[in-house]
Amino acid sequence: MGLNVGGSGKKLGVVAGSPNWITTRLDFLVNWARANSLWPMPFGTACCAIEFMATAAGRFDLARFGMERMSFSPRQADVLICAGRLPFKLAPVIRRIYDQMPQPKWVISMGACASTGGVFDNYAMVQGIDTIVPVDVYVPGCPPRPEGLLYGILLLQKKIRGESITDRSLREEQLLDQTALRLKPETVDELSEPFGNSVHQTRSA
Amino acid sequence: MGMNPTVQALRERFGPRIGRALVSCGDTIVYVDREAVREILRWLKETPGQQYNYLVDITAVEYRDPERPLEVVYELFSLDRKVPLRVKVELPKDQPLEVDSVVPIWQGANWLEREVYDMFGITFRGHPDLRRILMWETYSEGHPLRKDFPLRGRFSRSEQVRQALGASPEAHYSKEELSIADLYHDLPADMRERLVRQGVLEAGSRIGSRTVELTVGESGAALAPAWGGAGTAAAVAEEPDFGGDHMLVNIGPQHPATHGVLRLVVELDGEVVVRCIPHIGYLHSGFEKLGEYRHYNQIIPLTDRTDYLSPMANNVGFAMAVEKLMGIEITERCKVLRVIACEMSRIISHLIWMGTTAIDIGAFTPFLWTFYERERIYNLQEAWTGARLTTSLTRVGGMMADIPDGFVEGLREFCRTFPKTLAEVDRVLTRNGIWCARTQGLGALTAEEAINHSLSGPMLRASGVPYDVRKDRPYLDYETYDFEIPVGEHGDVYDRYLVRFEELRQSTRILEQALDRLPDGPINVDDPRVILPPKSAAMNDMEAMIFHFKQVMEGVKPPVGEAYFPIENGKGELGNYLVSDGTAKPVRWRIRPPSFINLSALPKMAQGHLLADLIAINASVDIVMGEVDR
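Thresholds applied
- Residues numbered from 1 in each chain as written.
- Chains lettered and ligands numbered in written order.
- Predicted model: local features only at pLDDT ≥ 70, side-chain atom pairs only at ≥ 80, totals over all residues.
- Heavy atoms only, no water.
- Helix = DSSP H or I, 4+ residues; strand = E, 2+ residues; numbered from the N terminus.
- Contact = heavy atoms within 4.5 Å.
- Pairing = 2+ DSSP bridges.
- Axes fitted to C-alpha atoms, helices over the stretch in contact; angles between N-to-C directions.
- Buried < 20%, exposed > 50% of the residue type's maximum accessible area, 1.4 Å probe, protein only.
- Phe/Tyr/Trp six-rings, centres within 6.5 Å; stacked < 30°, edge-to-face > 60°.
- Right-handed = clockwise from strand over helix to strand, strands pointing away.
- Core = buried A, V, L, I, M, F, W, Y, C linked by side-chain atoms within 4.5 Å.
- Domains from an automatic or database assignment.

## Some thoughts on the environment of V465 of chain B
Residue and element names in this part refer to chain B.
- Among the secondary structure elements, V465 is positioned in the loop between α16 (458-462) and α17 (469-472).
- Counting along the chain gives 19 residues from V465 to T446, while the straight-line C-alpha distance between them is 9.3 Å.
- Filtering out sequence-adjacent residues up to four positions away, V465 remains in contact with L79, A447, I451, L460 and V487.

## Some remarks on the environment of F65 of chain A
Residues and elements named next belong to chain A.
- On the secondary structure map, F65 appears in the loop between α2 (47-56) and β4 (79-83).
- Residues F65 and A35, spaced 30 residues apart in sequence, show a C-alpha to C-alpha distance of 8.9 Å.
- Setting aside its immediate chain neighbours within four residues, F65 contacts N36, L150, L154 and Q157.

## Remarks on the sheet that holds strand β8 (residues 247-251) of chain B
All names here are of chain B.
- In space, the three strands of this open sheet follow the order β8-β9-β10, with antiparallel pairing throughout. Whereas interior strands pair on both sides, the edge strands pair on one side only; in this sheet they are β8 and β10 (272-279). Here the average twist between neighbouring strands, direction ignored, is 20°.
- Examined bridge by bridge, β8 and strand β9 (residues 263-269) share five bridges and lie antiparallel to one another. Bridge pairing links N250 to V265 in β9.
- Against the sheet, helix α23 (residues 611-620) engages β8, β9 and β10, with an angle of about 145° to β9.

## Topic: the pairing of strand β14 (residues 572-580) of chain B
Residue and element names in this part refer to chain B.
- Burial of β14 is extensive: nine of the nine residues sit out of reach of the surface.
- With nine bridges connecting them, strand β13 (residues 561-569) and β14 associate as antiparallel partners. Bridging from a neighbouring strand, G561 pairs with S580 of β14.
- Where β14 meets strand β15 (residues 588-592), five bridges bridge the pair, whose relative direction is antiparallel. Paired with V579 across the two strands is R588, which belongs to β15.

## Observations regarding the packing of aromatic side chains
Residues and elements named next belong to chain B.
- The final tally for this structure, using the stated rule, is 19 aromatic pairs over all chains.
- Summarising the aromatic geometry, the rings of F318 and W589 are spaced 5.6 Å apart at their centres and angled 75° between planes, so their arrangement reads as edge-to-face. You can see F318 sitting in helix α10 (residues 311-326) and its partner W589 sitting in strand β15, a full 271 residues away along the chain.
- According to the relative accessible area criterion, W589 is buried, its value standing at 1%.
- The interplanar angle of 70° and the centroid separation of 5.2 Å between the aromatic rings of Y475 and Y478 together place this pair among those described as edge-to-face.
- Residue classification places Y478 among the buried residues on the basis of a relative accessible area of 1%.
- By the ring-pair criterion, three or more aromatic residues cluster together here, those being Y475, Y478, Y481, F483 and F565.

## Observations concerning the pairing of β4 of chain A
Residues and elements named next belong to chain A.
- Taken across its five residues, β4 has five buried, putting it largely inside the fold.
- On β4, burial covers both faces: V79, I81 and A83 on one face and L80 and C82 on the other are all buried.
- Pairing geometry for strand β3 (residues 40-44) and β4, over five bridges, is parallel. When the sheet's bridge partners are listed, M41 is paired in β4 with L80.
- Handedness of the crossover is the feature at issue here: the chain leaves β3, passes through α2, returns alongside β4, and the resulting connection is left-handed.

## Quick notes on the sheet that holds β15 of chain B
Residue and element names in this part refer to chain B.
- In spatial order, the strands read β13-β14-β15; together these three strands make up an open sheet with antiparallel pairing. Each edge of the sheet is formed by a strand with only one pairing partner; in this case those strands are β13 and β15. Put simply, the sheet's adjacent strands are angled 10° from each other on average, direction ignored.
- Contacts between α10 and the sheet are confined to β13, β14 and β15, with β13 contributing the most and set at about 150° to the helix.

## Some details on the nonpolar core
- Grouped together as the largest cluster of nonpolar side chains are 217 residues, with contacts concentrated most on Y74 and I122 of chain B.
- Counting residues domain by domain, this core receives three or more from each of domain 1 (6-125) and domain 3 (287-592) of chain B.
- Contacts of Y74 of chain B, omitting those with residues within four sequence positions, involve V37, L41, D57, I58, L85, R86, V87, V89, V99, D100, V102 and F124 of chain B.
- M67, I81, V139 and L149 of chain A belong to the second-largest nonpolar core, a separate cluster that totals 21 residues.

This is the structure:
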């Protein structure tokens, strides 16, 4: 159900001189507003940040999706885009930034490293940011092309359109202690298991 | 190449304190006594006729043989005589891993020695500020590049996450920051309360018991006594009391103007930077450790991701280091294609610098122009390698692929039209009053200081030192191309801008010449040790199939030896130092990171400037954190 203008059944913004009231579902209106003005918090760390900048620049033009307002302060941001690898040294930083963002908030994990640790299956790298903060959309690629990131953003918008403000559990703040794990230790270990070819690369000679 | 005659001079001067000397892949290596290393290096730097005045790199090597001692490696270069020399010190494992610091000789050694300390646990006696640099201060798993340190660390992943989250920024607020705050007055109440809660402080205690001698000034003169220690009261009394403290401002690690996850702690007197302390390591990814677990050709995809602003040049640098190790001479066509790759990389690297620096100073439009030009290079790069950014272009002994149809025409078109965009940027920025006011006279370094800090690339040349690896240690036949090396005279932010701007023009010239001379022929050497046979041969010919199998399963195996190979990429001298023990995986893969070393001069450059200018100065360094932290 869309926005009905003046009860005429016509879509919003097309009729001049029509009565100045609309009927709609509250969920639709809220989600429509939220999905089309997502302010990203670009948590750009590595190579993916360069592709993120390319997405924001002229050729791919992120502004088409209501996202040109980069919010480098987490206080005014809606969606945290983790673009690039996340070493352990940076883990408390992303946790803090996520905690500082007000609800409603979403997270896009851009690229292989943010999603799984990527090629860096070693002592320095968090094996997927979902062990630190909850993630809504994973964008694969090393790095993802700007089109890939845009597709991820469109998926996030789709997800937002399906939300309901009556479902309070979606937007509940889970304020953890800064040092607490978000998941059970066994789950973190399991998520961080080596996979594919990397299991064979544990010997140095 | 024979033995460097310096070895003979050293033996005459120092006698038994000079150990064995050998030549590996054309590089002369001389072992010296660990107790005399500072004296010997000072002699090498200051003696007429030797003048090894440029410290290229300090690193360490641990061999797989557990009996073999660790080695500390000093890579030297004489800017006047254009001669390299590698000095090594052996540290047996049954004795304390200690050696004298060379920071009193070269300021540039400061961060390099801290990195060796962090990664290998080697103590440098007399270092002014020996702390961990890449890992956090409370990191408890050990020293990652030691051979007994497992690739994935000692703890389980959940324990690692828990410890990392526990090392919250306040909890390991560096001791020197705390001492700065404490020297003047008490900490802010909320910070004190938080530190007590986290167990860093005891309730009711003062903290700054440790006087930090962080060297910012010249020749090892510590700044701290100016305010700290016994002189505190006097120093405070001399200054007019405006009722305010020196203020500590934390910038980063997540900040749009730090060009990545760099954290700067700035001590401010009003708006003037008294002291700037960079904290790095927030993007430490363990490249060098990973390299020890991979075949040589498998490392090439990793090199894309170190300096991701100029991936193709990194590919070339690494492949050439392996080729030096194996004594492979690449084909003529491959040489020219690699020159093209390097210069394209230099262009996109400088373009992103120009765009983001303009944003930092308040001009948004050049960012859109430079990104437009970057997209055009990306198109060519993608046609050639299949990737916009992670190119993995080279292989040991050749290239991953030849250039596709239409590439030459596309690049010619780029060379023809690119100067127009440059001219537009030139018109908007170069004589712009705001631009000049925000860049001229800022962060100036003299030639002597720049050399002393081991700077390289545009940072060094802006200070008037005409050192460019392409001219001074030529590779890929760069000596046969006609191009100029732009050199600045003031060494400030504006000169660095001018130098990079001119390099963009010169790179375009080199590209045109390379396209003109591009010869036909194979791109790969005809050597079954390193290059895979064609697929048809591998399927039909038994011998070719065996070579194919051996290479895929066992990898390229260079002989025992070591090689250091520098190239000039956009940031400066990018060196790859490889040590081989004859197996398919390197014992040590060291990247000599130009922007890491350039960044280490930031405290020196920022001192006395305004906070707003710190942003411009930091931008002028042209850092890329993937390479700074590796």
